[in-house]
Amino acid sequence: EADTAEAVTGAGNGAGATVTKPTLGVGMVGYAFMGAAHSQGWRTAGRVFDLPSRPVLAAICGRDAAAVRTAADRHGWAAAETDWRALIEREDVDVVDICTPGDSHAEIALAALAAGKHVLCEKPLANTVAEAEAMAQAAEAAYERGQLAMVGFNYRRVPATALARRMVAEGRLGTLRHVRVTYLQDWLVDPEFPLTWRLRRESAGSGALGDLGAHIVDLAQYLAGERLAGVSALTETFVRERPLPIGATSGLSTVTSAGTGQVTVDDAALFTGRFTSGALASFEATRYATGRKNALRIELNGEHGSLAFDLERLNELAYHDGTEPGAHAGFRRILVTEPDHPYLEAWWPPGHGLGYEHSFVHQARDLVHAIAEGRRPQPSFADGLQVQRVLAAVEESAEKNSVYTPIAV
Ligand code: SOE
């Protein structure tokens, strides 16, 4: 690492050449589920991959001093802060990683960019299109100054989805006709599950739509290599009142107290969409699919072939080559564990699979490379804004009884 660290890279940004630093200090805001996943990503990326700069877990931030200290010790952060403004001002922080609920994404990201930091922000980028617009605009201006901003759609970084993208880009499917995606969870089936921040519009922006729908919109567009032009949607809130939680909540579990409150987001969102090329897409995002825990499935059908991926079998990609003679044709399983598959050059021997957490390692790796090379990271805040516009069109269509709603550009 030390020898590559001295390299001066030809930069793609308006700031000219970027001097690659031997280390990259990370400051993370939030320490619950996503905080733990991102910590693992930052901790592991520099140990597994040869990176131009080695990520250093400089400081983690949360409001509860004792809890954030415990999180710092558990996940390997050098320091703990209780004020995110202090975190972004730290000299040992080069990248601010935002793992908080959506209602604070815009404020923290805008302040971090203004303070000269690179930013990684969890999805969905923001709670509203207006916030996402401000963030994308600030990210563009910051890029001219040599700073990068990326949104955390981590499922692009599963080796099998990255391979699927490569195969679509190689033209193996030919003209795309269909993209079919579902993202199914079941943690709200119990009507006694408490009213956590994910069930309130003011903190989460939307429900299954922003939490799960954002992932599948991004993944569908990324794999297809094109954008949605419009959508027709249905949304539903099945349980409108839930018990209130006691104090802070973490992850997907909590303790309840007496009293109830209103659920102000969707529980499920179903929509169809049309890609700019004319290909058709269908999407389903729900927290009520009893027995489905984290079931993200996507299938693409083109004139020459099809691909199918299931997050619950994430080391596999199903491929049907429609140009083969009918007698031998059919879906076959590609075991995505070969060294020439995306991200796998540095991991285990063939057949020794990866899991959910590795997508966060790859996310950290890709951002470190983008920073060293001074090129826009993918997905950028502009990509996050475009997904936000799709989510807004879904909500607008659902309010108008599924009327076809074009996506704003
Ligand atoms: C909860 O539904 C959740 O943790 C999402 O917020 C994540 O984005 C998804 O990756 C897994 O499920």
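Quick notes on the rules
Residues numbered from 1 in each chain as written. Predicted model: local features only at pLDDT ≥ 70, side-chain atom pairs only at ≥ 80, totals over all residues. UniProt positions renumbered as here; feature names shortened; annotations may be inferred. Helix = DSSP H or I, 4+ residues; strand = E, 2+ residues; numbered from the N terminus. pLDDT = per-residue confidence, 0-100. Pairing = 2+ DSSP bridges. Contact = placed C-beta atoms within 7 Å. Axes fitted to C-alpha atoms, helices over the stretch in contact; angles between N-to-C directions. Parallel < 35°, antiparallel > 145°, perpendicular 65-115°, else oblique. Left-handed = near helix turned anticlockwise from the far one by under 90°. Nonpolar A, V, L, I, M, F, W, Y, C, P; charged D, E, K, R; others polar. Buried ≥ 20, exposed ≤ 12 C-beta atoms within 10 Å, placed from the backbone.

Draft legend 1. Structural view of the UniProt feature "domain: Gfo/Idh/MocA-like oxidoreductase N-terminal" (unreviewed entry) in the protein. Under the feature "domain: Gfo/Idh/MocA-like oxidoreductase N-terminal" (unreviewed entry), the UniProt entry names residues 25–142. Secondary structure across residues 25–142 divides into 48% helix and 21% strand, with the first and last C-alpha atoms of the span separated by 18 Å.

Draft legend 2. Region of the structure containing the confidence of the model for the protein. Chain-level statistics for the protein give a pLDDT mean of 93 and a share of 93% at 70 or above. Predicted complex metrics record ipTM = 0.92 and pTM = 0.94.

Draft legend 3. Structural context of the sheet that holds strand 16 (residues 305–310). Pairing is mixed across the open sheet formed by nine strands, whose spatial order is 18-17-16-15-9-14-13-10-19. Each having just a single partner strand, strand 18 (332–335) and strand 19 (405–406) make up the two edges of the open sheet. Across four bridges, the pairing between strand 16 and strand 17 (residues 316–321) is antiparallel. Bridge pairing links Gly305 to Asp321 in strand 17. Contacting strand 10 (228–236), strand 13 (268–275) and strand 19, helix 11 (residues 381–399) runs over the sheet at an angle of about 55° to strand 10.

Draft legend 4. How the structure looks around the packing of helix 5 (residues 105–114) against helix 6 (residues 129–144). Where helix 5 meets helix 6, the axes come as close as 10 Å, and the angle between the chain directions of the two elements is 15°. One element, helix 5, and the other, helix 6, form an angle in the roughly parallel class. The handedness of the crossing between helix 5 and helix 6 is left-handed. Between helix 5, through Ala106, Ala109, Leu110 and Leu113, and helix 6, the contact on the second element is made entirely by Glu131, Ala134, Met135, Ala138, Ala139 and Ala142. Residue composition of the contact of helix 5 with helix 6, grouped by class: nine nonpolar, no polar and one charged.

Draft legend 5. Spatial organisation of the pairing of strand 13. Counting buried positions along strand 13 gives six out of eight residues, so the element sits mostly inside the fold. Both strand 10 and strand 13 contribute to a ladder of eight bridges, which runs antiparallel. Within strand 13, the position partnered with Val231 by the bridge is Gly273. As paired elements, strand 13 and strand 14 (residues 280–286) share seven bridges and run antiparallel to each other. Pairing of Gly273 across the sheet is with Ala281, part of strand 14.

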